[in-house]
Amino acid sequence: AILDTGMYAHESFAGMTVSQLDLVGGADAVVTDYDSHGTAVASVSAQVAPASDILSIRVLDAEGLGNSYTVASGIVTAVDSGASVINLSVGGYSDSTVLREAVAYAIDSGVAVVAAAGNDGSNAPSYPAAYEGVVGVSAVDAEGQIAHFSNYGDAVDLAAPGVEIVAAWEDSASVTMSGTSAAAPFVTGAVAALLSTGIAATGAEAVGMLETHAADLGTTGVDADFGYGALQLGELF
């Protein structure tokens, strides 16, 4: 499940089953360039897990704005719709009871929850990435260095590519995007790939495999920049 701005049809999703739900409805502001954010995020996961299905749940408007209640509703809807893994390339610095409880509902239901760590170069906890059980994802560049914009800290569990990532955009176009929003769906796609190929039986097992096989960058062991390390799939497939 991709909880974001919704998705446009794009050749990146050819052969995949894509379902869409809209929890925002007509509450849109003027359409902006951010409107294709969900399409881009979904396309990153699709590149990693082309055999999976996508459930797009629109929880953000065309300017990328939303609220904790709508995101929480999206999480519950994704779980109840049968999602195995949820991608949240969204975040904010205010804790929310309703969002925390929705995340707990997903995790207790056996659904893996992956979230972007944030793009402010800060170690302040960003939610939902900072919630217990959520896989918080920081961004690394092509040299294996943490991106200058990437948040870091206790909320980071894994790092993934997040600088100049080629992704889908509306009208069959592509875009180069940078941010932890681009890094998180690599991890989401990896979880989906492990599940769709039968290598992992549960989301928690898939996450554990990714953490075990991550490339240990920075300080030896778990650290604030990379968590368990950078996503590394070569030994798993």
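Model, not experiment: these values are computed from the prediction. (Residues numbered from 1 in each chain as written. Predicted model: local features only at pLDDT ≥ 70, side-chain atom pairs only at ≥ 80, totals over all residues. Heavy atoms only, no water.)

Draft legend 1. Looking closely at helix H1 (residues 37-48). For H1, which comprises 12 residues, the first-to-last C-alpha distance of 18 Å matches the rise-based estimate of 16 Å (1.5 Å per residue) to within 8%. Counting buried residues in H1 gives 11 out of 12 residues, a clear majority hidden from the surface. When we look at burial in H1, the residues that qualify are His37, Gly38, Thr39, Ala40, Val41, Ala42, Ser43, Val44, Ser45, Ala46 and Val48. (Helix = DSSP H or I, 4+ residues; strand = E, 2+ residues; numbered from the N terminus. Expected span 1.5 Å × (residues − 1). Buried < 20%, exposed > 50% of the residue type's maximum accessible area, 1.4 Å probe, protein only.)

Draft legend 2. Structural detail: the sheet that holds strand S3 (residues 54-58). Read across the open sheet, the 7 strands follow the order S2-S3-S1-S4-S5-S6-S7; overall the sheet is parallel. Only two strands of the sheet have a single neighbouring strand rather than two, namely strand S2 (18-22) and strand S7 (156-161). If you compare each strand with its neighbour and ignore which way they point, the axes differ by 25° on average. As paired strands, strand S6 (residues 135-140) and S7 are joined by 5 bridges and run parallel to one another. Bridge assignment links serine 138 to a residue of S7, and that residue is alanine 159. Set on the sheet, helix H5 (residues 203-212) makes contact with strand S5 (112-116), S6 and S7; between it and S7 the angle comes to about 70°. (Pairing = 2+ DSSP bridges. Axes fitted to C-alpha atoms, helices over the stretch in contact; angles between N-to-C directions. Contact = heavy atoms within 4.5 Å.)

Draft legend 3. Summary view of unusual backbone geometry. Of note, the bond from tyrosine 127 into proline 128 is cis; its omega dihedral lies within 30 degrees of zero at 20°. Positive phi is not limited to glycine here, since glutamate 164 has a value of about 55°. Topologically, glutamate 164 is positioned in the loop between S7 and strand S8 (165-168). A positive phi angle is found at aspartate 171, which is not glycine, with a value near 60°. With respect to the helices, strands and loops of the structure, aspartate 171 is situated in the loop between S8 and strand S9 (174-177).

Draft legend 4. Representation of the nonpolar core. Core analysis: the largest hydrophobic core is formed by 36 residues, its most contacted members being Val137, Val187 and Leu210. Going through the elements one at a time, H1, S5, S6, S7, S8, helix H4 (180-196) and H5 are the ones with two or more residues in this core. Tallying contributions element by element places H4 first for this core, with 10 residues. When residues no more than four places from it in sequence are discounted, the contact partners of leucine 210 are Leu158, Val187, Ala190, Val191, Leu194, Leu231, Leu233 and Leu236. (Core = buried A, V, L, I, M, F, W, Y, C linked by side-chain atoms within 4.5 Å.)

Draft legend 5. Spotlight on the pattern of salt bridges. Taken as a whole and judged by the stated rule, the model has 2 salt bridges. Between aspartate 22 and arginine 58 there is a salt bridge, and its shortest N-O distance comes to 3.1 Å. A residue pair is termed long-range when its members are at least 10 positions apart, and aspartate 22 in strand S2 and arginine 58 in strand S3 qualify at 36 residues. The class of aspartate 22 is partly exposed, set by a relative accessible area of 42%. A salt bridge links arginine 100 to aspartate 95, with the nearest nitrogen and oxygen atoms 3.1 Å apart. Looking at arginine 100, the relative accessible area reads 36%, which means it is partly exposed. (Salt bridge = Lys/Arg side-chain N within 4 Å of Asp/Glu carboxyl O.)

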